[in-house]
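The primary structure of each chain is shown beneath.
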Amino acid sequence: FPLLPPPSLHLLPPNPHSSGVAMKNVKKMFGGKKTSAKPYAAPVHGRNDPADVTSNPADDDADANAAPVPNSDPEQDALASRRLSLDGDIPEEGLQPNEEKVKHEPGSEGTVVVDSSKVKIPVVVGTCGMAGWEPIKGANRRASSEVRKENQDAYCAHAPFLGKANMLFFAVFDGHGAEGRKVSHYARDSIPDVIKEKYIEFADADSLVPPDADENKRAEVNRRRYDAMKESYAAAERGLTQGVVDCDPLFSGSTGVSCWIIESELYSIWVGDSRGVLGRRAGPGKDKFKAVDLTHDQKPTRTDEKKRVRHAGARVARWRRNLGPLRVWLPRDWVPGLAMTRSIGDTILTEYGVAPVPEMTYLKLTDIDSFLVIASDGVWEFMPSQEVIDFVGKLRKDNVPASEAAESLVREAVRRWRRNEVVVDDTTACVVYLDYQDPATEKASTGIKSFFGKGGVHGEKPMQVADDGFLIPFHPKNDVSDEK
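Report on the accompanying structure. (Residues numbered from 1 in each chain as written. Predicted model: local features only at pLDDT ≥ 70, side-chain atom pairs only at ≥ 80, totals over all residues. Heavy atoms only, no water.)

1. As for the overall build of the protein
Assigned secondary structure in the protein consists of 10 helices and 19 strands. Expressed as a percentage of its 484 residues, the buried residues of the protein come to 55%. Considering only residue pairs separated by 6 or more positions, the protein has 75% of its internal contacts joining residues 24 or more positions apart. When the accessible surface of the protein is summed, it comes to about 20400 Å², and 51% of that surface belongs to carbon and sulfur atoms. (Helix = DSSP H or I, 4+ residues; strand = E, 2+ residues; numbered from the N terminus. Buried < 20%, exposed > 50% of the residue type's maximum accessible area, 1.4 Å probe, protein only. Contact = heavy atoms within 4.5 Å. Areas by Shrake-Rupley, 256 points an atom, 1.4 Å probe, with all protein chains shown as cover.)

Dropping the structure here:
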């Protein structure tokens, strides 16, 4: 089965050399301008002559590894494996914020609007975000100390959502580049507003269509919800390119992962490599939890995504002497070295297949579904999905509050970064406890009709939502690399 919906989702132009046609199609798709950013001029560096790279963008089986680059800097090579979102010959001002403009404001990354008295769905939400660290060079040119990075992550929690007591919305955004913080914060604020604008008129009628309704009726509901999400992500990028926010998105962008709960229905939407995972009890009454991936990281290591961006003309390779992760580059320049294949922003790669076109999955929650974890890649880089679920599941079993569970998870992820890397990425997690009981037990004890049905031993499987709203198989491989 395909990992993506039918070709209708592949909205990006296939011509690898006709950038004018490509951009025309992208403009038609999103209704926005190309970009308000200044034209890009490729830097001139002897050690990065693009002629030294062998690549055929139209060949899906082309060598995914960059050829050795002459005159490479050993000091730079030592850092080539850093798991950052951007790398390469980007001007310094395109990679890092101006230190004079960096303001560390703990807590400003999150927008949490939760009023349990107005929510019918019993959940408990915990969030935590922590800025990363990076080394600085001392007099001997070695990394002798570290400084706190500007936190470019952002998150939000809305309960109720759209003013509906049966709707909840949670999201995490992971910015990168010099203005990544502006991008992630704008996405956090604008996406919920656009969903409301595009979907509010259908909300009441769609809520009357049960999950087990006729397949065609369900497809219409799914399509409207998916369309609202796609438009919200596209509008976030348009706001950047059309000057709604003071930001140059040429070398800056953000990932995004959202969970939209409507009664017992869970929609997971994502762009990039931020991830959502469900913690499910491994059988009724058991203390162990199984990880159920709700999203599939959009990285160059994902075979279908690598083919898609290559088909659009991008080059997929490692930076320098075949070190570090696969990244997305311009066809003949060592920029921008993006570690994901879709994002909000990063407009230098828009015509080469990198665009804010999200994927979406659908899952009907049941009584054995215990909690959700949505987080930036700072969590997932060194902790597989199952390990994260085991970690949070133990806290859940021990009645640790969701807020403390989110903080503990972030601190554990940071420890893993310090153990494995010279940098520490920004790390953000949102933990949502799903406090549902068995329907019969709940009705007897509270008198309130349960939103959830019986999950049996295995529960429901997530399915991918195609453009037409119909459901197709979903087979994520987040912790199993497709990389060759």
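2. Describing the nonpolar core
Phe169, Ile191 and Trp260 are the most contacted members of the largest nonpolar core, which totals 34 residues. Breaking this core down by element, the ones donating at least two residues are strand S5 (153-159), strand S6 (167-176), helix H4 (180-207), helix H5 (215-241), strand S7 (253-262), strand S8 (265-271) and strand S15 (359-364). Membership of the second largest hydrophobic core comes to 30 residues, among which are Leu395, Ala402, Ala405 and Ala429. (Core = buried A, V, L, I, M, F, W, Y, C linked by side-chain atoms within 4.5 Å.)

3. Here's the deal with the sheet that holds strand S2 (residues 123-130)
Read from one edge of the open sheet, 5 strands run S2-S17-S16-S9-S10, paired in antiparallel fashion. In this open sheet, the two strands that pair with only one neighbour each are S2 and strand S10 (289-293). Ignoring which end each strand starts from, the neighbouring axes of this sheet average 20° apart. With 8 bridges connecting them, S2 and strand S17 (residues 427-434) associate as antiparallel partners. Opposite Gly129, over in S17, you have Thr428 as the bridge partner. Docked against the sheet, helix H8 (residues 385-397) engages strand S9 (275-281), S10, strand S16 (369-375) and S17, running at close to 135° with respect to S10. (Pairing = 2+ DSSP bridges. Axes fitted to C-alpha atoms, helices over the stretch in contact; angles between N-to-C directions.)

4. Description of H5
Over its 27 residues, H5 runs 39 Å from end to end, which matches the ideal 39 Å to within 8%, given 1.5 Å per residue. Looking at where H5 begins, the residue whose side-chain oxygen comes 3.0 Å from the main-chain nitrogen of Asn216 is Asp214. Looking one or two residues beyond H5, the residue adopting positive phi is Gly243, at roughly 80°. (Expected span 1.5 Å × (residues − 1). Polar contact = N/O pair within 3.5 Å; in protein donor to acceptor, adjacent residues only side chain to side chain.)

5. Quick word on the packing of H8 against helix H9 (residues 402-420)
The packing of two helices is summarised by the inter-axis angle and the distance between the axes. At a minimum axis distance of 10 Å, the contact between H8 and H9 shows a crossing angle of 140°. By the angle class used here, H8 and H9 are oblique. Our pair here, H8 against H9, has a crossing hand that is right-handed. Contact with H8, carried on its side by Glu387, Val388, Phe391, Val392 and Leu395, involves Ala405, Ser408, Leu409, Glu412 and Arg416 of H9 and no other residues of that element. Residue classes in the contact of H8 with H9 are distributed as 6 nonpolar, 1 polar and 3 charged. (Parallel < 35°, antiparallel > 145°, perpendicular 65-115°, else oblique. Left-handed = near helix turned anticlockwise from the far one by under 90°. Nonpolar A, V, L, I, M, F, W, Y, C, P; charged D, E, K, R; others polar.)

6. Points about the sheet that holds strand S13 (residues 336-338)
Taking strand neighbours across the sheet as the criterion, the 3 strands line up as S11-S12-S13 in an open arrangement whose pairing is antiparallel. Two strands in the sheet have a free side with no partner beyond their single neighbour: strand S11 (315-319) and S13. Going across the sheet, the axis of each strand differs from the next one's by a mean of 50°, ignoring polarity. Where strand S12 (residues 323-329) and S13 come together, 2 bridges link them in antiparallel fashion.

7. Describing the pattern of salt bridges
If you walk through the whole model with that rule in mind, you get 28 salt bridges. A salt bridge links Arg181 to Glu109, with the nearest nitrogen and oxygen atoms 3.1 Å apart. You can see Arg181 sitting in helix H4 and its partner Glu109 sitting in the loop between helix H3 (92-95) and strand S1 (110-114), a full 72 residues away along the chain. For Glu109, a relative accessible area of 6% corresponds to the buried category. For Asp398, the salt bridge identified is with Lys394, shortest N-O distance 3.3 Å. If you follow the salt bridges from partner to partner, you end up with Asp206, Glu220, Arg223, Arg224, Asp227, Lys230 and Asp467 in one network. (Salt bridge = Lys/Arg side-chain N within 4 Å of Asp/Glu carboxyl O.)

8. Some words on the pairing of S12
Two elements, S11 and S12, share 4 bridges in a ladder whose sense is antiparallel. Along S12, the bridge assignment pairs Val316 with Val328. What sits between the antiparallel neighbours S12 and S13 is a turn of 6 residues.

9. Section: the packing of aromatic side chains
According to the stated counting rule, one finds 12 aromatic pairs in the structure shown. What links up through ring pairs into an aromatic cluster is the set Phe161, Phe169, Tyr199, Phe202, Trp260, Tyr267 and Tyr362. The ring of Trp334 has Arg315 sitting right over it, with the charged end atom 4.8 Å from the ring centre. For Arg396, the ring lying beneath its charged end belongs to Tyr433, and the centroid distance is 4.3 Å. (Phe/Tyr/Trp six-rings, centres within 6.5 Å; stacked < 30°, edge-to-face > 60°. Lys NZ or Arg CZ within 6 Å of the ring centre and 35° of its normal.)

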